[in-house]
Amino acid sequence: MTTRPFAAHAARPALPRVLRGAVALALAIAAAACNLDLQNPNSPREDQVLSNVDGAIALAVGMQGQFATTIDDYLATNSLVTDEWGTQTKALISYQSLFTGPASAIDPSYDVVLAPWRDSYQTIKSANTLLADVPKLGLDPALANQFTALAKLYKAMSLGMLIQQYAQVPIDITVAAPTPQPRAVVLDTVLALLTSADSDLAQVTDADINANRARLLGQGFDFRNTVDAMLARYSLMAGQYDQAIAAADRVNLGVLSVLSYPAPTRNPIENLAFQTGYVGALKSFVDAAKPGDRRPAYWVDTAAAPLKSNPPDSVILPLRKYSTPNEPFPVYLPDEMRLIKAEALTQLGGAANFAAAADLVNQVRTDSISTLDQPVAGLAALPSDSLDTAPELLAEIAYERRYELFEQGLRWEDTRRLGPALTTTPTIDFLPIPQVECINNPSKPCG
Amino acid sequence: MRLRRSRFVGVAAIAVLLIPCMVSAQQAGTLAGRITDAANGTPLADVQIRVSGTMIATSTSADGQYRLPSVPVGQHTVTVRRVGYAGTSRDVTIADGQVATADFTLTAVAATLGQVVVTGVGAPAERRVLGNTVETVAGQDVSESPGATALDQALQGKITGAVISENSGQPGGGVSIRLRGTNSILGGAEPLYVVDGVIVDNSSEALVSLGANATRGGAALTNRIADIDPDDIDHIEVLKGAAAAALYGSRANNGVIQIFTKRGRSGQPRVTAKTEFSLSHTPAYYQLNMSPTAGYADVVYGGADSIGAPIQRYDIQPQIFRTAKGTNDQLSVSGGSATTQYYIGGGYNVDQGILRSTDYRRWDVRSNLTQQLSNWLEVSLGGNFIQSKADFMPEGEQTQGVLTSVIFTPTSFNPSIDPTTGRYPYNPLLGPNPFVVLNQFEAPENVTRVLGNVSVTAHPVQQLTLRYLAGIDDYRDEAKYFEPPFSTSASFTGSVQNPVSMSRLFNNDLTATYEAQPFTHIGLTSTAGFRYTSDHHEVVRAAAGDLPPIGDLVTGATQFASQSVTEFRTVGWYFEERAAFNDRFYLTGGLNWDASSAFGADQRVQLFPRLSASWLLGEEPFWKSLTHNVFSSLRLRAAFGETGGQPPALYSQFDNYLNVGYAGLPGLVASATEGNPNLKPERQREYEAGFDAGAFHDRAQLEFTYYNKHTSDLVLSVPLPPSTGFSQQFQNIGELSNKGIELALNTVNVASPSFSWRSRISYAANRNRVEKLVTAGDTLVFGYLNSVVEGQPIGVFYGGVYARNTDGTLAYKPTAITINGRADTVMLPYRGTVTLPSGATANASRIIGDPNPDFVATLSNEFQFGKHLQASFLLDGRFGNDVANFSRRISELFGVDKDTEGEFTGDTIPRTYTLNPNGRSLIYEEYIEDGSYVKLREIAVQILFDQPFVHRIGADRMTLRLAGRNLYTWTHYRGLDPEVNLFSANTVARGVDFGTTPLPREFTIGLNLNF
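Within every chain, residues take consecutive numbers counted from 1 along the sequence as written. In the order they appear in the text, chains get letters beginning with A and ligands get numbers beginning with 1. For a predicted model such as this one, the threshold for reporting local features is a pLDDT of at least 70, and the threshold for listing and counting side-chain atom pairs is 80 or more; totals across whole chains, interfaces and linings nevertheless cover every residue.

Participant: Would you explain the overall build of chain B in this entry?
Facilitator: Secondary structure follows DSSP: runs of H or I at least 4 residues long count as helices, runs of E at least 2 residues long count as strands, and numbering of each begins at the N terminus. Counting its regular elements, chain B contains 11 helices and 55 strands. The size measure is the radius of gyration over C-alpha atoms, and the globule rule it meets is 2.2 Å times the number of residues to the 0.38 power. By the compact-globule yardstick of 30 Å for 1011 residues, chain B fits well, its C-alpha radius of gyration being 30 Å. Over its C-alpha atoms, taken along the principal directions, chain B stretches across nearly 105 × 70 × 65 Å. By definition, residue pairs are in contact when their C-beta atoms, positioned from the backbone, come within 7 Å. Intrachain contacts of chain B at a sequence separation of at least 6 include 69% that bridge at least 24 residues.

Participant: How should the overall build of chain A be read in this particular structure?
Facilitator: Each helix and strand counted, chain A has 19 helices and 7 strands in total. By the compact-globule yardstick of 22 Å for 447 residues, chain A is too spread out, its C-alpha radius of gyration being 29 Å. Taken over the C-alpha atoms alone, chain A extends approximately 120 × 55 × 45 Å along its principal axes. Once local pairs closer than 6 in sequence are excluded, the contacts in chain A between residues at least 24 apart make up 72%.

Participant: How should the pairing of strand β30 (residues 605-615) of chain B be read in this particular structure?
Facilitator: Regular strands place their side chains on alternate faces of the sheet. Residue and element names in this part refer to chain B. One bridge is not enough; two strands pair if DSSP finds at least two bridges between them. In this sheet, β30 lies alongside strand β29 (residues 585-596) in antiparallel orientation, the contact comprising 11 bridges. Residue pairing in the sheet places Gly 589 in a bridge with Leu 611 of β30. One ladder, built from 6 bridges, connects β30 with strand β31 (residues 631-645); its direction is antiparallel. Its bridge partner being in β31, Ser 612 is matched across the sheet by Ala 639.

Participant: Whenever I open this one, the environment of A:Gly55 confuses me. Can you help?
Facilitator: Within the secondary structure, A:Gly55 sits in helix α3 (residues 53-68). Considered as a pair, A:Gly55 and A:Pro44 are 11 residues apart in the sequence and their alpha carbons are 9.5 Å apart. What A:Gly55 contacts, discounting residues up to four positions off in sequence, is A:Gln48, A:Val49, A:Leu50 and B:Leu668.

Participant: Any chance you could explain the sheet that holds strand β49 (residues 882-885) of chain B here in plain terms?
Facilitator: Sheets are built from strands that pair by backbone hydrogen bonding, the pairs being arranged parallel or antiparallel. Reading across the sheet, the 3 strands line up as β50-β49-β54 (chain B) and stay open at both edges, with mixed pairing between neighbours. Two strands bound the open sheet, and with one partner strand each, they are β50 (928-930) and β54 (992-993) of chain B.

Participant: Quick question: what am I supposed to make of the sheet that holds strand β6 (residues 316-317) of chain A here?
Facilitator: Residues and elements named next belong to chain A. Taken together, 3 strands build an open sheet; the order of strands is β1-β5-β6 and the sheet is antiparallel. The open sheet is flanked by β1 (85-87) and β6, the only strands paired with a single partner. One ladder, built from 3 bridges, connects β1 with strand β5 (residues 279-282); its direction is antiparallel. Paired with Gly 86 across the two strands is Gly 280, which belongs to β5.

Participant: Which parts of the structure should I look at to understand the packing of helix α8 (residues 183-202) of chain A against helix α10 (residues 223-237) of chain A?
Facilitator: Helix-helix packing: each pair is described by the crossing angle between the helix axes and the interaxial distance. All names here are of chain A. Orientation is described by axes fitted as lines to C-alpha atoms, over the contacting stretch for helices, and by angles from 0 to 180 degrees between their N-to-C directions. Remark: α8 packs on α10, axes separated minimally by 10 Å, with the N-to-C direction vectors making an angle of 155 degrees. Judged on the interaxial angle alone, α10 and α8 are roughly antiparallel. Crossing angle aside, the handedness with which α8 passes α10 is left-handed. Listed contacts from α10 to Leu 187, Val 190, Leu 191, Leu 194, Thr 195, Ala 197, Asp 198 and Leu 201 of α8 are Phe 223, Arg 224, Val 227, Asp 228, Met 230, Leu 231, Tyr 234, Ser 235 and Met 237. Each residue gets one of three labels, nonpolar for Ala, Val, Leu, Ile, Met, Phe, Trp, Tyr, Cys and Pro, charged for Asp, Glu, Lys and Arg, and polar for the others, Gly among them. Taken together, the residues of the contact of α8 with α10 break down into 12 nonpolar, 2 polar and 3 charged. Roughly parallel means an angle under 35 degrees; roughly antiparallel means over 145; roughly perpendicular covers 65 to 115; every other angle is labelled oblique. A clockwise turn of the near helix away from the far one marks a right-handed crossing, whereas an anticlockwise turn of less than a right angle marks a left-handed crossing.

Participant: Any chance you could explain the packing of helix α16 (residues 351-366) of chain A against helix α17 (residues 390-404) of chain A here in plain terms?
Facilitator: All names here are of chain A. Interaxial distance between α16 and α17 falls to 11 Å at its minimum, and their mutual angle equals 25 degrees. Viewed along their axes, α16 and α17 adopt a mutual orientation that is roughly parallel. As α16 packs across α17, the resulting crossing turns out to be left-handed. In contact with Phe 354, Ala 357, Ala 358, Val 361, Val 364 and Arg 365 of α16, α17 contributes Leu 393, Glu 396, Ile 397, Glu 400 and Glu 404.

Participant: Which parts of the structure should I look at to understand the nonpolar core?
Facilitator: One recurring pattern in soluble globular proteins is that nonpolar side chains are buried together. A set of buried Ala, Val, Leu, Ile, Met, Phe, Trp, Tyr and Cys residues, joined through C-beta atoms within 7 Å, is what we mean by a nonpolar core. With C-beta atoms placed from the backbone, a residue is labelled by how many other C-beta atoms lie within 10 Å of its own: buried for 20 or more, exposed for 12 or fewer, partly exposed between the two. Counting residues in hydrophobic clusters, the biggest one holds 135 residues, and the most contacted among them are A:Ala60, A:Leu153, A:Leu194 and A:Ala232. The contacts of A:Ala232, once residues within four sequence positions are left out, are A:Ala244, A:Ala247, A:Ala248, A:Val251, A:Met337 and A:Ile340.

Participant: Mind showing me how you'd approach helix α4 (residues 71-81) of chain A here?
Facilitator: The α-helix advances 3.6 residues per turn, and as a result positions three or four apart in sequence lie on the same side. Summarising burial for α4(A): 11 of the 11 residues are buried, a large majority. For α4(A), the set of buried residues is A:Ile71, A:Asp72, A:Asp73, A:Tyr74, A:Leu75, A:Ala76, A:Thr77, A:Asn78, A:Ser79, A:Leu80 and A:Val81.

Participant: Help me out: how do you make sense of helix α12 (residues 268-275) of chain A in this one?
Facilitator: Residue and element names in this part refer to chain A. Within α12, the full set of buried residues consists of Pro 268, Ile 269, Glu 270, Leu 272 and Ala 273. In the core, the buried residues of α12 are packed alongside α4, β5 and β7 (329-332). Residue Gly 277 follows α12 closely and has a positive phi angle near 70 degrees.

Participant: Help me out: how do you make sense of the environment of A:Gln88 in this one?
Facilitator: All names here are of chain A. Topologically, Gln 88 is positioned in the loop between β1 and α5 (93-100). Accessibility expressed as a C-beta count within 10 Å gives 20 for Gln 88, which makes it buried. Sequence separation between Gln 88 and Asn 310 is 222 residues; the distance between their C-alpha atoms is 5.6 Å. Leaving out residues up to four positions away in the same chain, Gln 88 has contacts with Gly 277, Tyr 278, Val 279, Gly 280, Leu 307, Lys 308, Ser 309, Asn 310 and Ile 316.

Participant: What's the story with the confidence of the model for chain A in this structure? I'm lost.
Facilitator: Looking at chain A as a whole, the pLDDT averages 90, with 92% of positions reaching at least 70. Low pLDDT (under 50) marks residues 1-15 of chain A, which in the prediction has 28 contacts with non-local residues, meaning those over four places away or in another chain. The predictor reports its confidence for every residue as pLDDT, a score running from 0 up to 100.

Participant: Would you take a moment to explain the confidence of the model for chain B for this structure?
Facilitator: Atomic detail in the predicted coordinates should be set aside for any region of low pLDDT. All names here are of chain B. Scored by pLDDT, chain B comes out at a mean of 87, with 93% of its residues at no less than 70. Every residue in residues 1-25 is under pLDDT 50, and counting partners more than four places away or in other chains gives 31 contacts. Both scores are given for the predicted complex: the pTM is 0.88, the ipTM 0.88.

Participant: It is not clear to me how the environment of A:Gly350 should be interpreted in this structure. Could you clarify?
Facilitator: Residue and element names in this part refer to chain A. Along the chain, Gly 350 falls in the loop between α15 (334-348) and α16. We classify Gly 350 as exposed; it has 10 C-beta atoms within 10 Å. Taking the C-alpha atoms as reference points, Gly 350 and Ser 257, separated by 93 residues in sequence, lie 33 Å from one another.

Participant: What am I meant to see in the pairing of strand β11 (residues 134-138) of chain B here?
Facilitator: Residues and elements named next belong to chain B. Across the 5 residues of β11, 4 count as buried, placing the element largely inside the fold. In this sheet, strand β16 (residues 233-239) lies alongside β11 in antiparallel orientation, the contact comprising 5 bridges. Within β16, the position partnered with Thr 136 by the bridge is Glu 237.

Here it is as structure tokens:
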């Protein structure tokens, strides 16, 4: 029965008033409860992070962290496709395919193909966010310029890393369907970013940098020298030799600039080589060194027994450098600047430039002691008559770069730039564009 | 939530303000009587007696007596109702100060149309009014369910169309319930629980990984509804789909289980005491390799020097399992006056687990108090304080698991204390020595919980009912996992974690119901209401490593701590109109606007409609004449409704920034999951239709329902181009459907003075189908093999298969192996390959099983012999479901299973892992087994004593019960128990047995006393 007669009751004095109160109270509760705009107590939103300088500093730190904690992803490809690293038996088939090639063995769905792409664009996204929002904060120019210089530097380094791995990569990712651009266009962007970072830093005093260093920059990171070193590195790649020489000249060779991994964080190369146990140095790297070259022993544990490797006919040794969890990783090594200048001078040509280049090469060769954590060759200087032609110089520069800049993520590009002077060819020319990008990018970058 | 305090104060203020409004007593008399079974004269308890048109109501005690004081003078219609009997009513006249007697005899029927159910809003309705099915389970069936410590366990076999699984046999073990199939992929699949109108937490998120890994979701060995004492329950109503549950809006996609606790009745205090003692044991042991000579695995793991050498073997299962004891003691007192009714109950439950070192205990007290402040106003308070403590042991995919260790460790390993070192030896293969885990590990979980509610019901003017209810569920769950130093290996320095979860759920409801009869043949019931819910969860975690050698607190050389908080609110406004035409045809329509904090402003408010119709065709005169009363009753019904489901993560609408430290500095980076401000609830649309037909004077009733549920806007993770800096975004993209039928036949087979017999047969078949994923070819894998594939039922097993000849037999190829240093070539089967569209070959995998049952069925029988002897049994069956027997897989691969005894002595397939050069470890097809079973879920014999000796000890009645639970299982499944699931309450990963404790066989003896 849905209806039922209500029994007659005595009068209800004063009831409606009480009732009105109760209803009013209930409605008040209802109205007050309607706030459904709850925040996430665990994680701030983007607009909160970028609403003040402290959030911007945290994002700038996060951006450096994104770059620093993923360097293994681009080092692994660089070192495995060249003659630097081999794979241990535990390594996933995707790592082995980089080592063995050919290009057809490398599936675009492999995580090793995706990882450098994904990591770089996450760093670039953070940099873009800083560049777009820091100007809105109305900061003191000294601080604002440091933010923009740092964002431009990391964006340039990420793009620069990308073009060493992939034949074409998108630059502007703020649009809905970013299209991959040729390497030359990307390099122009990298150089423009670094030049702009340089001019931002020109307006900042060392005192300004030091005032924010403890909150903004990783320990052991040298801001100015890194910008100039990157400008030198990518100017050389772009064939802008004068600019490369000028930038390299500005770098102080007496200091290191590093990415640091204090506990509980961990150097990702140590993790890959020892915790995960996927990679090791090829013994051929040690064997091919010139007699007396002290650098192989800096990089590799030359005294150790070879590791079990796959394919089994490759012989690999444990790494010595980056074998402990908190070792810093250099953003660049000072002798790279000498070798950049030597190569640029050689490319510019002319007897005077060749002589200057030979001198720089010999400086690298004859280093026998350093207060910095960097390799020293301890070799004798070469006679000037064996370093007075471009082929001679380039061959020697190629050798020095191999031993001076082992597992620094530069060898793959060296094979492109110094190819004829090298005795090796990489197993693949470039990584394919990752499958997940091919499928989901509306610009259909893979056709 | 700054306003919460004022809200409580407000409720209290209403109550206090209204007390002066109590009117003085008017002229009244008392109504009393006794209600018995028409067939055999046995007194009937729990019969509801209501004086029509008033709030005056009570129910009978165990001796069938009732007493209603303060009934206004005059003529009244008294209605009596009880489940399983035909309701009846009679007019009685009450004189001032006199006692009027009204005795009733009730006739047993199978039909239930007269039963009153609560529909989720203020106005309860008779079942005949509703076009949707509402399943009711009587409290007696829950509290008397032998050996069931948790109420969801006690529901097994009692709800048509529900698949209720106990996931593990550890005490306090979790139960998962699927009502009409699984309705989500990434979201939860368990129903919403509501106790006395208060939404309560039923979390199954593991604080510590003890079965499946906690990160898998829903992986806890227990679920929090286990805290509710089944003995406090009056009855349970189950809303199985959107058509019935629409009023719970965006939280109701998985159905709703409404629990109503016992309340007092007017009359003398009634005391009930119950004590139970139980014994339980494992239903089976694993059959282990007890070969007297060494096999390959023994040699590899150091148990023997050469294959074939004589070897000592150890089956440690008798030392791991035990005969477990349990007790359950309950005491309650209830009663009341005309204006005050109370129920106070308490219980103490102790259960040992069949696995050594596991146990569960629960203390609880409940009180429900109702006060009529006047003849138009009633205030009710309910409170429940619970403390439970479970001691678990790791199992399943935990390498520390005790049964896990049994299936992984070759039987040549003797885990007993080494007499020379005085220590337990370390496990040669994987994980710790199981005896070390049993004796030294600690995995307790302590819960302190308060459930409270206050409600005010008023009839301020004739035909208007206002009801306000506020309720809270507040608990603290303290878990711990302690692994002592050097327990698992000589280099292990110990680990302890101590997570504490705090949870607070608040809800309040305000409803107004107005009843009217605008025309002679049309009655209208209008309801409008408002609901607000607020959930707050917090987990604080402390952990330490490198522990000192003594002590089990979180102290150690390395320490970790973390905290996470989630908050969630919903607001709903609802309106419902019920129309009755000639009391034979009913239409109900409702709208629910529901808003949730989990969604962005544009998608926040969602509308959920519903509509249902019920036609009592059997009461139409034309039908009666047409069918010559073949049917004693016939009803046709149909219903439609929509509900919603919450997203898998509550803050998916935002671009969240995560903490990433770098170089010792605090940093923030954007999450790789892009926020989606347009996210909205998963939406379910359900149609159901059916009939209830009674015959033979309603002694047989058949209920039939067909339902069709389609859930769309399922939240799935959509991959984004990584050049955006993101990896994925949650979007409303998926669809799945559940279609099925439910049949229940209730019969009163015999009803004579000396013997009566009732039966119930239920059958339910559900067909689940994943209709749409992000991309048609997607295979989403959960757990090990459970997959979500378009066009398939959710959670099908997808895994590696053998190569086969064209005639379907296994293909073999010569394979080089080395045994005892001797090279040999044998013919072995191998994994099949397939050719990909690109022309490349890949290892063959295909769908190899389906954990969803084809149908579930139950048969229950109740017998009454004379007045003093009752017997009953319940068979509960599941048919056509597959189980992935990972326990057998592992024990074969490691040479532990009995099947590996004959390795290379005639068996064709070498089973051990080490003799596995063809990649056999990735072939799963042979471990998918038929998991169909029929369990003798409950059996009970009950003897009633009402002889003088009972009265001499002061009691009215005494009942002795002998009962059993899960005493026997009929199945072809080769493992210990086909019902368990490694992944507990996980939505997709079902039907996986992996070192999981089987459900015990339990025998109970109990004594009930009524004073």
